[in-house]
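Each chain is listed here by its residues.
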Amino acid sequence: MFQKSSRQISRVSRLAGAASAAILLIGLSACQTSGPSDIADITGSLGDKADQTQASADPRRDLETYRERVHANPKDVDAALQYAKALRATGQRAQAAAMLEQAVLAQPNNKALLAGYGRALADNGNFQQAFDVLGRAHTPEDPDWRILSAQGAVLDQLDRHDEARQYYDSALKIRPDDPSVLSNLGLSYLLSKDLPKAEETLRHARDLAPADMRVRTNLAVVVSLEGRQSEAETIMKANLPPEEGAANVAALKRLLSRREASRSDTDKIPVAGGRRND
């Protein structure tokens, strides 16, 4: 086990408390290979087919395209979800939540819309409401492992870590060894300041999905918080061209620098998500 001085414990406590503002739990779906720039996209899809592919190169064009589709047919579920995705990609998170709220009011039993709305609420920092909405997006008789993981990630944002892990355990019973769920679980341990357990869990997730940069970044953050900066940089650069590896290391340093400068342990933004590509 790692031994920590009182100064290190204080630093870990401060950074772990602020970690929810940038470390980005992979909660709202399964994993996808993505670079460090994507860690600002703090939630993932919940079964949205288009989100299972690579992100659009031009979200502003998508914004216009799907706005027109939604206006032409407000009941077009795929258009509504893609419009919300484009709104989030252009920084309009509150608008995404408001638009999906209207879509859900029109189709209150549509599970895909409920899942997307829950994601948008989490993106916007409305964690308790997000948890309640996500609970309506599946049933105990037909649970969705992605939504279970998302609910756990939202509970972590509410500092209800023990409850969160019950949801991750349920998700893992359906989807054993899924790296996105394991990554959420590892970061749950981080948020409760159990760094050795966080590292162990995230290393397992990384071994299962070595190409997933979100998982790799999460592991690197934990290793860095344990005081092993050089090893964290090695994790970020592994099996990548030099230029890309250097960019990843720079992104990690920026992330940790922002967290070091944070003065609040209560600053929270929603959990991170990858997008399915399987």
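Look up a bit, the structure's there.
Notes on the structure follow. (Residues numbered from 1 in each chain as written. Predicted model: local features only at pLDDT ≥ 70, side-chain atom pairs only at ≥ 80, totals over all residues. Heavy atoms only, no water.)

**Examining the overall build of the protein**
Helix and strand counts for the protein come out as 13 helices and 0 strands. Ordered by position from N to C terminus, the α and β elements of the protein give α-α-α-α-α-α-α-α-α-α-α-α-α. Residues counted as buried form 54% of the 278 residues belonging to the protein. For the protein, restricting intrachain contacts to residue pairs at least 6 apart in sequence, the fraction spanning at least 24 positions comes to 65%. (Helix = DSSP H or I, 4+ residues; strand = E, 2+ residues; numbered from the N terminus. Buried < 20%, exposed > 50% of the residue type's maximum accessible area, 1.4 Å probe, protein only. Contact = heavy atoms within 4.5 Å.)

**So, the packing of helix α7 (residues 145-157) against helix α8 (residues 161-174)**
Look at α7 against α8: their axes get within 8 Å of each other, and the N-to-C directions meet at 165°. By the criterion of interaxial angle, the relationship of α7 to α8 is roughly antiparallel. Remark: the crossing between α7 and α8 carries left-handed chirality. Along its contact with α7, which presents Trp145, Leu148, Ser149, Gln151, Gly152, Ala153, Leu155 and Asp156, the element α8 presents His161, Glu163, Ala164, Tyr167, Tyr168, Ser170, Ala171 and Ile174. Here the contact of α7 with α8 is composed, by residue class, of 9 nonpolar, 5 polar and 2 charged. (Axes fitted to C-alpha atoms, helices over the stretch in contact; angles between N-to-C directions. Parallel < 35°, antiparallel > 145°, perpendicular 65-115°, else oblique. Left-handed = near helix turned anticlockwise from the far one by under 90°. Nonpolar A, V, L, I, M, F, W, Y, C, P; charged D, E, K, R; others polar.)

**Structural notes on helix α2 (residues 59-72)**
Helix length check: α2 (14 residues) gives 20 Å between terminal C-alpha atoms against 20 Å at 1.5 Å per residue, within 8%. Among the residues making up α2, those that are buried are Asp62, Leu63, Tyr66 and Val70. For α2, the angular spread of buried residues about the axis comes to 105°, placing them on one side. Facing away from the buried side of α2 by over 90 degrees, the exposed positions are Arg60, Arg61, Glu68, His71 and Ala72. Among the structural elements, α3 (77-89) are those in contact with the buried residues of α2. (Expected span 1.5 Å × (residues − 1). Arc of directions from axis to C-beta.)

**Here we look at the packing of aromatic side chains**
Under the definition given, this model contains 1 aromatic pair. Summarising the aromatic geometry, the rings of phenylalanine 131 and tyrosine 167 are spaced 5.7 Å apart at their centres and angled 80° between planes, so their arrangement reads as edge-to-face. Taken together, the positions of phenylalanine 131 in helix α6 (residues 127-136) and tyrosine 167 in helix α8 put the pair 36 residues apart, joining distant regions of the chain. (Phe/Tyr/Trp six-rings, centres within 6.5 Å; stacked < 30°, edge-to-face > 60°.)

**Focus on the environment of alanine 79**
The residue alanine 79 is located in helix α3 in this model. Taking the relative accessible area as the measure of exposure, alanine 79 reaches 0% and is therefore buried.

**Concerning unusual backbone geometry**
With a phi angle near 60°, aspartate 177 is a residue other than glycine that sits in the positive phi range. As for its position among the elements, aspartate 177 is in the loop between α8 and α9 (179-191). For aspartate 177, a relative accessible area of 40% corresponds to the partly exposed category. In this structure, asparagine 239 is a non-glycine residue whose phi angle is positive, near 60°. With relative accessibility at 81%, the residue asparagine 239 sits in the exposed group.

**Re the side chain of glutamine 151**
Within the fold, glutamine 151 resides in helix α7. Here glutamine 151 is in contact with Phe131, Leu134, Gly135, His138 and Tyr167, once residues within four sequence places are set aside.

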